[in-house]
Amino acid sequence: MSVKRIDHIAVVVDDIEGALNFWRDALGMDMTHMEEVAEQQSIVAFLPTGGSEIELVKPTTDSSGVAKYLAKRGPGMHHICVEVDDIHATLAQLKAKGIKLINETPTIGAGGKQIAFVHPGSTSGVLVELYQAA
Ligand code: CO
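Structure report, in brief. Note that the structure is predicted; figures quoted are calculated from it, not measured. (Residues numbered from 1 in each chain as written. Predicted model: local features only at pLDDT ≥ 70, side-chain atom pairs only at ≥ 80, totals over all residues. Heavy atoms only, no water.)

### Remarks on the sheet that holds strand β7 (residues 114-118)
Strands sit in the order β2-β3-β4-β1-β5-β8-β7-β6 across an open sheet of eight strands; the sheet is mixed. Both edges of this open sheet fall to β2 (33-37) and β6 (107-108), since each of them pairs with a single strand only. In terms of strand pairing, β7 meets strand β8 (residues 128-132) through five bridges, oriented antiparallel. Among the inter-strand pairings, Val118 is bridged to a residue of β8, identified as Val128. In the packing of helix α1 (residues 16-26) onto the sheet, the strands contacted are β1 (3-12), β2, β3 (42-49) and β4 (52-59), and the crossing angle to β4 comes to about 160°. The sheet strands contacting helix α3 (residues 87-96) are β5 (76-84), β7 and β8, and the helix crosses β8 at an angle near 145°. (Pairing = 2+ DSSP bridges. Helix = DSSP H or I, 4+ residues; strand = E, 2+ residues; numbered from the N terminus. Contact = heavy atoms within 4.5 Å. Axes fitted to C-alpha atoms, helices over the stretch in contact; angles between N-to-C directions.)

Given below as structure tokens:
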């Protein structure tokens, strides 16, 4: 298995329009689409650049992991997502090496992609998302 690229960097926000005021309106990035991802209990907005994207994430419930993160720490950087060629093989390899996983099997993220999160306790404090292109 291999890591192909950084797919996106996610920023958790309590106000998408407020975040777009910086990323889109002031910095000049394009917001290509916004969607509600029921599975992740959040609305996500994407601003692509150079083969990766800034992803703005706003929780839609109070109970999701991202909602609790926002309540505890306020808006800010939330996770880094790397694209892998085989998410099942990657999860098996990490598990075999004793890495703590939040999702031991892939779940569904934005665009119907297979994703899984690695626990920050095993990554020097950075929430890492794995994603496999369809
Ligand atoms: Co993400």
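### A short note on the pairing of β4
Extensive coverage of β4 is indicated by the burial of six of its eight residues. Bridge count between β1 and β4: five bridges; the pairing is parallel. Of the residues in β4, the one forming a bridge with Val11 is Leu56. As defined by bridge partners, β3 adjoins β4 across eight bridges and the pair is classed as antiparallel. Following the sheet pairing, Pro48 is matched in β4 by Glu53. Linking two consecutive strands that pair antiparallel, namely β3 and β4, is a turn of two residues; a positive phi of about 55° is found at Gly50 within it. (Buried < 20%, exposed > 50% of the residue type's maximum accessible area, 1.4 Å probe, protein only.)

### Structural notes on unusual backbone geometry
Even without being glycine, Gln41 reaches a positive phi, approximately 50°. Its location among the elements puts Gln41 in the loop between β2 and β3. The phi dihedral of Ser124 is positive, around 60°, even though this residue is not glycine.

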